[in-house]
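Fold and contact review
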Amino acid sequence: MSGPLKGLSGQMQSLRTTGLALSAGGAAVTGTLFAMTKAAAKVGSDLSDMADRTGVSVEALSELQWAAGQTGTDLNGVETALKRLSRNAYDAQRGLVTSQEAFQRLGISAVDANGQLRPTEVLFNEAGAALAKMENETERSALALTLMGRSGTARDMLHFEIRYNGKPVDPLLYLPKK
């Protein structure tokens, strides 16, 4: 080949090389985007599953996940706290004195005007706000532990209750005085 055809052949080879490089780069970008999309979908699916387990919206869980990361904890600990809070709200609704008193000390109600349990997400936000306002650190910690447990523990807690004529009563009335 000579003259203009030789120059055209060289340009075609150069275009081919450039096209192959762009294709390889595009495949790498596409692969990375696919992996990122897959990871985001998994996180979304995990949050959706957790929302089903806790009764808290995916949006709120996403915010809590970010906040948990900022404080050095993880969302599993938050889930444990939400479940414990939900259980305590149910216990308060059934008349369990210790749960009722814990909510009362914070100035919040576990039930609405119709006696129905209030949403866990609402209770969590109200409990957090009420705890933040408490000046006595010991009382704040005790109430947080009572209502939400220790973040990150997955063990069941033993709960003690005294009932008289089928109604819960204050156990301190029946324990020996010091």
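Rules of the game
- Residues numbered from 1 in each chain as written.
- Predicted model: local features only at pLDDT ≥ 70, side-chain atom pairs only at ≥ 80, totals over all residues.
- Heavy atoms only, no water.
- Helix = DSSP H or I, 4+ residues; strand = E, 2+ residues; numbered from the N terminus.
- Buried < 20%, exposed > 50% of the residue type's maximum accessible area, 1.4 Å probe, protein only.
- Contact = heavy atoms within 4.5 Å.
- Salt bridge = Lys/Arg side-chain N within 4 Å of Asp/Glu carboxyl O.
- Core = buried A, V, L, I, M, F, W, Y, C linked by side-chain atoms within 4.5 Å.
- Axes fitted to C-alpha atoms, helices over the stretch in contact; angles between N-to-C directions.
- Parallel < 35°, antiparallel > 145°, perpendicular 65-115°, else oblique.
- Nonpolar A, V, L, I, M, F, W, Y, C, P; charged D, E, K, R; others polar.
- Left-handed = near helix turned anticlockwise from the far one by under 90°.
- pLDDT = per-residue confidence, 0-100.

A tally of helices and strands in the chain yields six helices and two strands. Shown N-terminal to C-terminal, the secondary structure of the chain runs as helices and strands in the order α-α-α-α-α-α-β-β. Taking all 178 residues of the chain together, the buried fraction comes to 25%. In the chain, 50% of the contacts between residues at least 6 apart in sequence involve partners at least 24 apart.

Following the criterion strictly, the structure yields six salt bridges and no others. Asp-91 is the partner of Arg-94 in a salt bridge, and the nearest nitrogen-oxygen pair spans 3.3 Å. With Arg-94 and Asp-91 both in helix H3 (residues 75–94), this residue pair falls three residues apart, about one helical turn. Taking relative accessible area as the criterion, Arg-94 reaches 40% and is therefore assigned partly exposed. Residue Asp-91 is classed as buried on the basis of its relative accessible area of 7%. Connected through shared salt-bridge partners, Arg-53, Glu-79 and Lys-83 make up one network.

What follows covers the nonpolar core. In terms of nonpolar packing, the biggest core is built from 29 residues, with Leu-61, Phe-103, Leu-106 and Met-148 touching the most fellow members. Elements with a minimum of two residues in this core: helix H1 (4–54), helix H2 (58–70), H3, helix H4 (97–106), helix H5 (120–133) and helix H6 (137–148). Element by element, the count of residues in this core is highest for H3, at seven residues. Excluding residues that lie within four positions of it along the chain, Met-148 makes contacts with Thr-80, Ala-81, Arg-84, Leu-85, Phe-124, Ala-127 and Leu-131.

Two elements in contact, H3 and H5, have axes separated by 10 Å at closest approach and are oriented at 100°. Regarding the angle of H3 to H5, the classification is roughly perpendicular. Contacts between H3 and H5 involve Leu-82, Leu-85, Ser-86 and Ala-89 from the former and Thr-120, Leu-123 and Phe-124 from the latter. For the contact of H3 with H5, the residue count by class is five nonpolar, two polar and no charged.

The interhelical angle for the contact between H5 and H6, taken along N-to-C directions, is 165°, at an axis separation of 10 Å. Here H5 is positioned roughly antiparallel relative to H6, judged by the angle of their axes. Where H5 crosses over H6, the handedness of that crossing is left-handed. Contacts between H5 and H6 involve Phe-124, Ala-127, Leu-131 and Ala-132 on the former and, on the latter, Arg-140, Leu-143, Ala-144 and Met-148. Here the residues of the contact of H5 with H6 are counted per class, giving seven nonpolar, no polar and one charged.

Mean pLDDT over the chain stands at 75; residues scoring 70 or higher make up 63%. Within the chain, H4 carries the highest mean pLDDT (93), whereas H1 carries the lowest (63). Taken as a whole, residues 151–159 scores under 50 in pLDDT and shows 10 contacts with residues more than four places along the chain or in a different chain.

This brings us to H4. Residues Val-97, Ser-99, Ala-102, Phe-103 and Leu-106 constitute the buried set of H4. Looking at the residues trailing H4, positive phi occurs at Gly-107, about 80°.

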